[in-house]
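Architecture and fold: a report
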Amino acid sequence: MYYKRCFGTIQKGAGLPSWVKWTHHSEGETHCEECLMLDGCWFSKRNAPPCPHHPYCHCTLDPIPYAVVFGNASVYSDYGKFDPYLFNTTGLQTHNKEKLFKEWGYTVDDARWLQAEIERQARERYVSGQYELGKLNMFGQRINIRVTIPKKDGFGDVSFVTGWMVKPNGQIKLNTPYGGK
Ligand SMILES: [Zn+2]
């Protein structure tokens, strides 16, 4: 919120997070599938996948202004990840995650709120560099982001890890709304 209000001044500030954009350069005939998936993805410089990624990798990590990251980072989640998947409204899931959420006072009636809240927190943490790098493979680079929600029927909060796929140009896409404690 602070940064949003002060958007016009953040470029002048010192100590802002450094961000980089993974850039794949086509040289020769080797096109590593993983490098192609990383092409155009944005990472906090301190929390970027190691580059070069493999022998003869021509990829580079190019600096991007934090203002661009802050102004353009976006999150996307498919509602189906919450209903039917998370809240198991079809009864077809065996993950039992809906039972955890029920303990915390959440049902499918909260699915829209939960989706919006997870997206909000994930964007905030991502642009702050508060994520953990997960598995990278031919489908892309995963990151984990911790979110916190209040217990609806009790006191205190509960926090858990959400799983995301990094997409080009500052987008992250939800893989799993509950990936563990
Ligand atoms: Zn490469």
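Keep in mind that this is a model prediction, so the values were computed, not measured.

Re the overall build of the protein
When you go through the protein residue by residue, the secondary structure sums to six helices and eight strands. For the protein, the succession of helices and strands along the chain, N to C, is α-β-α-β-β-α-β-α-α-α-β-β-β-β. Dimensions of the protein, computed from the C-alpha atoms along their principal axes, are close to 55 × 40 × 20 Å. Residues classed as buried in the protein amount to 39% of the 181 residues present. When contacts within the protein are restricted to residue pairs at least 6 apart in sequence, long-range pairs at least 24 apart make up 58% of them. Accessible surface, the protein: about 10,300 Å² in total, of which carbon and sulfur atoms supply 52%.

Section: the environment of Met-165
Looking at the secondary structure, you find Met-165 in strand β7 (residues 157-167). A relative accessible area of 8% places Met-165 in the buried class. Measuring from C-alpha to C-alpha, the distance between Met-165 and Ile-143 comes to 6.2 Å, with 22 residues separating the pair along the chain. Not counting chain neighbours up to four residues away, the residues in contact with Met-165 comprise Phe-139, Gly-140, Gln-141, Arg-142, Gln-171, Ile-172, Lys-173 and Asn-175.

Let's talk about the side chain of Thr-162
Turning to its location among the elements, Thr-162 is positioned in strand β7. A polar side-chain atom of Thr-162 sits 2.7 Å from a polar atom in the side chain of Trp-164.

Quick notes on the coordination of the zinc ion
For the zinc ion, every protein donor is listed as Cys-35 (SG), Cys-57 (SG) and Cys-59 (SG), and the spread of their distances is 2.2 to 2.4 Å. Coordination of the zinc ion draws on donor residues from a single chain, spaced C-x21-C-x1-C in sequence. Of the two residues, Cys-35 is situated in helix α2 (residues 33-38) and Cys-57 in the loop between β2 (42-44) and β3 (60-64); the sequence distance between them amounts to 22 residues. The exposure class assigned to Cys-35 is buried, which follows from its relative accessible area of 1%. You can call Cys-57 buried: its relative accessible area is 14%.

Brief notes about the pairing of strand β8 (residues 171-176)
In terms of strand pairing, strand β4 (residues 74-76) meets β8 through three bridges, oriented parallel. Pairing of Ser-74 across the sheet is with Gln-171, part of β8. Bridge count between β7 and β8: five bridges; the pairing is antiparallel. Across the sheet, the residue bridging to Val-166 is Ile-172, located in β8. Where β7 hands over to β8, the hairpin turn is made up of three residues, of which Asn-169 adopts a positive phi near 60 degrees.

Some remarks on helix α6 (residues 111-127)
With 17 residues, α6 should reach 24 Å at 1.5 Å per residue; the first-to-last C-alpha distance of 24 Å fits that figure. Within α6, burial applies to Ala-111, Leu-114, Gln-115, Glu-117, Ile-118, Gln-121, Ala-122, Arg-125, Tyr-126 and Val-127. Just downstream of α6, Gly-129 is the residue with a positive phi angle, here 75 degrees.

A few points about the UniProt feature "domain: DUF6883" (unreviewed entry) in the protein
UniProt marks residues 78-176 with the feature "domain: DUF6883" (unreviewed entry), using the numbering shown here. Within residues 78-176, the helical portion is 29% and the strand portion 34%, while the C-alpha atoms at the span's ends are 10 Å from each other.

Calculation rules
Residues numbered from 1 in each chain as written. Predicted model: local features only at pLDDT ≥ 70, side-chain atom pairs only at ≥ 80, totals over all residues. Heavy atoms only, no water. Helix = DSSP H or I, 4+ residues; strand = E, 2+ residues; numbered from the N terminus. Buried < 20%, exposed > 50% of the residue type's maximum accessible area, 1.4 Å probe, protein only. Contact = heavy atoms within 4.5 Å. Areas by Shrake-Rupley, 256 points an atom, 1.4 Å probe, with all protein chains shown as cover. Polar contact = N/O pair within 3.5 Å; in protein donor to acceptor, adjacent residues only side chain to side chain. Donors = N, O, S within 2.8 Å, 3.2 Å for Na, K, Ca; no water. Pairing = 2+ DSSP bridges. Expected span 1.5 Å × (residues − 1). UniProt positions renumbered as here; feature names shortened; annotations may be inferred.

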